[in-house]
Amino acid sequence: MQLTLGPLQYFWPRERTLAFYREAAHWPLHTIYLGETVCSKRCELRTRDWIALADELVAADRQVVLSSLALIEAESELGALQRLVDHGRFWIEANDLSAVQLCRERGVPFVAGPSLNVYNHAALAMLMQDGLRRWVPGVEQGRVLIDELLCALDAEGVARPQVEVVAWGRLPLSYSARCFTARALDVGKDQCGFRCIEHPDGLPLSTREGRPFLRINGIQVQGEEVTDLSPELPALRDLHVDLLRLYPQADGMQAVIEHFVEALAAKTPVAPLGQRNGYWHGEPGMSGVAARA
Amino acid sequence: MQLVCPAGNLPALRAAIDAGADAVYLGFRDQTNARAFPGLNFSDAEIRQGIAYARARGRSVYVALNTYPDSARLSHWHRAVDTAAELGVDAIIAAEMAVLDYACRNHPALPRHLSVQGSATTAPALRYAHERFGIARAVLPRVLSVQQVERLCRTAPIPLEVFAFGSLCIMVEGRCQLSSYVTGASPNRHGVCSPAKFVRWEEHAGGTRRVRLNDVLIDRFEPEEPAAYPTVCKGRYGVGGEIFHALEEPTSLNTLELIPRLARAGVAALKIEGRQRGAAYVDAVTRTWRAALDRHRDAPADWTPQAQWQSTLSSHAEGHQTTLGPYHRAWH
């Protein structure tokens, strides 16, 4: 099992982003995902900058995958996606059906991102015909569902694609046409001033009892909890998961990488650094609530 | 433009047909559709009655099979597709690739509509569903502006249906995990958002009420304050020291004033949300839209939204408020 660095979900200043990936080039990662998945207005790095960064990281002997937006509305967003696909050198992380179709039309291999809604083996097999090489299950799909899907794929005689499971970070839970950061700051989406750059780990949202609950990140909503699947390595190995996805965070990413390197090398599960991911166990994703679905 | 109306049960179906719906959509009484609420939906016998009632009046019946089966349960969705075909419905509305593919291969003559839950927002995404599954129509997610809908009408390979009225999902449909994050019950997998069994109302001294979803406080209401059903997206929360509807207010989408633009754009059908609502809602909302659409058909040049239509729709809206939602850029 190897580690990947998932796409940066937040909006950081250009220099900070570039410095982060300069550092990441030295981490023991199999794959680095690059690109904007949340909001097309975030342009500290433009498409060509991400591609240039991809070229640099490939030179450092990392596989690079270019990630696409989860929600595509405008023609300009579609144009940017087309440029990623047309570049042709890199696999694409398809986070919606538009990316699947463009990859299919151009014969570009792709990774099914977690927002693509692949819930069963038949859908996965179809996407493999379209060029899928790697599957990242959706955040609400836990151990049993992934196991059942892969076994059903085996039973159909279809060779498994690479499987990558989200193992670290705040889970992306939903996307909207509305920008919740702009709403919280009481500015229009079209006049947002790119204020999400002030919140490098998103904007905390708590219940009226003060319980930390969600994170607002532009048009995306995440769970508050930073989930950690490192205690589940035995089960992940049993499933023959190939890759563990770690989502970038503003601080302490190197310590996260080291934590997983240590966990992968250890004979017995290590103490978790982050929080329990209920989804993995077939429960509510959030920990500390009743599991009775 | 065709008017497509919701039916959670037979009385609602009859109300929709009587009030002028061109088509009604409904679901089986299980998790194969996205309104799998207790006491709602149709047995096979009821669907037969519903089809007979609609057909006798020249109208259509669609069956929503728009949830996402996991591998272990896929055969159940296959059977649901078979049943829909055997019952002779006019179309199925599906979101998931394996369900659409099964229907396409086994029942090619049964028209397939891509559900709003399929999250297709662009021409390439629609091309995919058209080339792969031969869809005859797609329902667009409630995320696009009216300009974007107009553009998509020109570039889509198939006719489009858009949401006209009803409760507003603030998130891209089919890609919202907020309910499952809190309850474990997933709209995609289990066909239900914010299930009632997880909802707990608490009365406090002085008449304030709190509402929880699986122990998570969604909102608190003062004695005179109208209380809304607790979906995660319509609660009040603290962000940056302020308490407000951080994601969305309880409100309904209402695009009545856009009828001329949507008609000019070539939108094929308008959808009314609300299979969970009763026959009275279906009757009033359908009747209002029927009148507005008929008036527009007969005299498009001098069509204006009438105050009476709008007040009827507002009175049936969530929180008695309506919005143009994502169709209007300023809402974003």
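Small disclaimer: the values here were computed from a predicted structure and weren't measured. (Residues numbered from 1 in each chain as written. Chains lettered and ligands numbered in written order. Predicted model: local features only at pLDDT ≥ 70, side-chain atom pairs only at ≥ 80, totals over all residues.)

J.: Please set out the overall build of chain A residue by residue, giving values where relevant.
T.: A count of helical and extended segments in chain A gives nine helices and 11 strands. For chain A, whose C-alpha radius of gyration is 18 Å, the value lies close to the compact-globule estimate of 19 Å for 293 residues. C-alpha extents for chain A along the principal axes are approximately 50 × 50 × 35 Å. Put simply, chain A has 293 residues, and 56% of those count as buried. Expressed as a percentage of contacts within chain A between residues at least 6 apart in sequence, the contacts between residues at least 24 apart total 68%. (Helix = DSSP H or I, 4+ residues; strand = E, 2+ residues; numbered from the N terminus. Rg over C-alpha atoms; globule rule 2.2 N^0.38 Å. Buried ≥ 20, exposed ≤ 12 C-beta atoms within 10 Å, placed from the backbone. Contact = placed C-beta atoms within 7 Å.)

J.: Can you lay out unusual backbone geometry for me, pointing to particular residues and giving the numbers?
T.: All names here are of chain A. The backbone of Asp 61 sits at a positive phi, close to 70°, despite the residue not being glycine. Although it is not a glycine, His 240 sits at a positive phi angle of roughly 60°. With 11 C-beta atoms packed within 10 Å, His 240 lands in the exposed category.

J.: For the domain arrangement of chain B, give the residues involved together with the corresponding values.
T.: Residue and element names in this part refer to chain B. Domains assigned within chain B are domain 1 (2-168 + 251-331) and domain 2 (178-244). On a C-alpha basis, the centres of domain 1 and domain 2 stand 27 Å from each other. Facing 11 residues of domain 1, the contacting portion of domain 2 comprises eight residues. When the residues that make up the side of domain 1 that touches domain 2 are grouped by side-chain class, the tally is four nonpolar, four polar and three charged. (Domains from an automatic or database assignment. Nonpolar A, V, L, I, M, F, W, Y, C, P; charged D, E, K, R; others polar.)

J.: Report on the interface of chain A and chain B, specifying residues and quantitative values.
T.: Across the contact, 56 residues belong to chain A and 55 residues belong to chain B. Element by element, the count of residues in the side of chain A that touches chain B is highest for helix H4 (residues 97-106) of chain A, at five residues. Pairing geometry for strand S8 (residues 203-206) of chain A and strand S11 (residues 237-239) of chain B, over two bridges, is antiparallel. Paired with Leu205(A) across the bridge in S11(B) is Val239(B). (Pairing = 2+ DSSP bridges.)

J.: Please give an account of helix H5 (residues 121-130) of chain A that cites residues and values.
T.: Burial in H5(A) covers these residues: His121(A), Ala122(A), Ala123(A), Leu124(A), Ala125(A) and Leu127(A). Turning to H5(A), the residues buried within the fold contact H4, strand S5 (110-112), strand S6 (132-135) and helix H6 (143-155) of chain A together with helix H3 (74-87) and helix H4 (97-106) of chain B. After H5(A) finishes, the residue Gly131(A) shows a positive phi value of roughly 120°.

J.: Got a sec to walk through the packing of H4(A) against helix H5 (residues 123-133) of chain B? Specific residues and values, please.
T.: Contact geometry for H4(A) and H5(B): axes closest at 7 Å, N-to-C directions at 70°. With respect to H5(B), the element H4(A) is oriented roughly perpendicular. In this structure, H4(A) uses Leu97(A), Ser98(A), Val100(A), Gln101(A) and Leu102(A) to contact H5(B), whose residues at the interface are Pro124(B), Ala125(B), Arg127(B) and Tyr128(B). Partitioning the contact of H4(A) with H5(B) into residue classes produces six nonpolar, two polar and one charged. (Axes fitted to C-alpha atoms, helices over the stretch in contact; angles between N-to-C directions. Parallel < 35°, antiparallel > 145°, perpendicular 65-115°, else oblique.)

J.: Now, about the confidence of the model for chain B: what can you tell me, with residues and values included?
T.: Here chain B shows a mean pLDDT of 95. Residues at 70 or above account for 100%. The complex model carries a pTM of 0.96, and its ipTM stands at 0.96. (pLDDT = per-residue confidence, 0-100.)

J.: Please set out the packing of helix H3 (residues 75-87) of chain A against H4(A) residue by residue, giving values where relevant.
T.: Residues and elements named next belong to chain A. Put simply, H3 and H4 touch, their axes get as near as 10 Å, and they point 40° apart. With respect to H4, the axis of H3 lies oblique. When you trace H3 past H4, the crossing you get is right-handed. Here H3 contributes Leu 78, Leu 81, Gln 82, Val 85 and Asp 86 to the contact with H4, which in turn contributes Ser 98, Ala 99, Leu 102, Cys 103 and Arg 106. Considering only residue class, the contact of H3 with H4 consists of six nonpolar, two polar and two charged. (Left-handed = near helix turned anticlockwise from the far one by under 90°.)

J.: Describe the sheet that holds strand S9 (residues 209-213) of chain B, with residues and values.
T.: Residues and elements named next belong to chain B. If you trace the three strands from one edge of the open sheet to the other, you get S8-S9-S10, paired in antiparallel fashion. Of all the strands in the sheet, just strand S8 (199-203) and strand S10 (216-221) have a single pairing partner and so form its edges. Taken pair by pair, the neighbouring strands of this sheet meet at an average axis angle of 20°, ignoring direction.

J.: So, the pairing of S8(B): which residues are in play, and what are the values?
T.: Residues and elements named next belong to chain B. Taking burial as the measure, the five residues of S8 include zero buried ones, a minor fraction of the element. In this sheet, S9 lies alongside S8 in antiparallel orientation, the contact comprising five bridges. Each residue of the ladder has a partner; that of Val 199, found in S9, is Leu 213. Counted along the chain from S8 to the antiparallel partner S9, the turn is five residues long, and its residue Gly 206 has a positive phi close to 85°.

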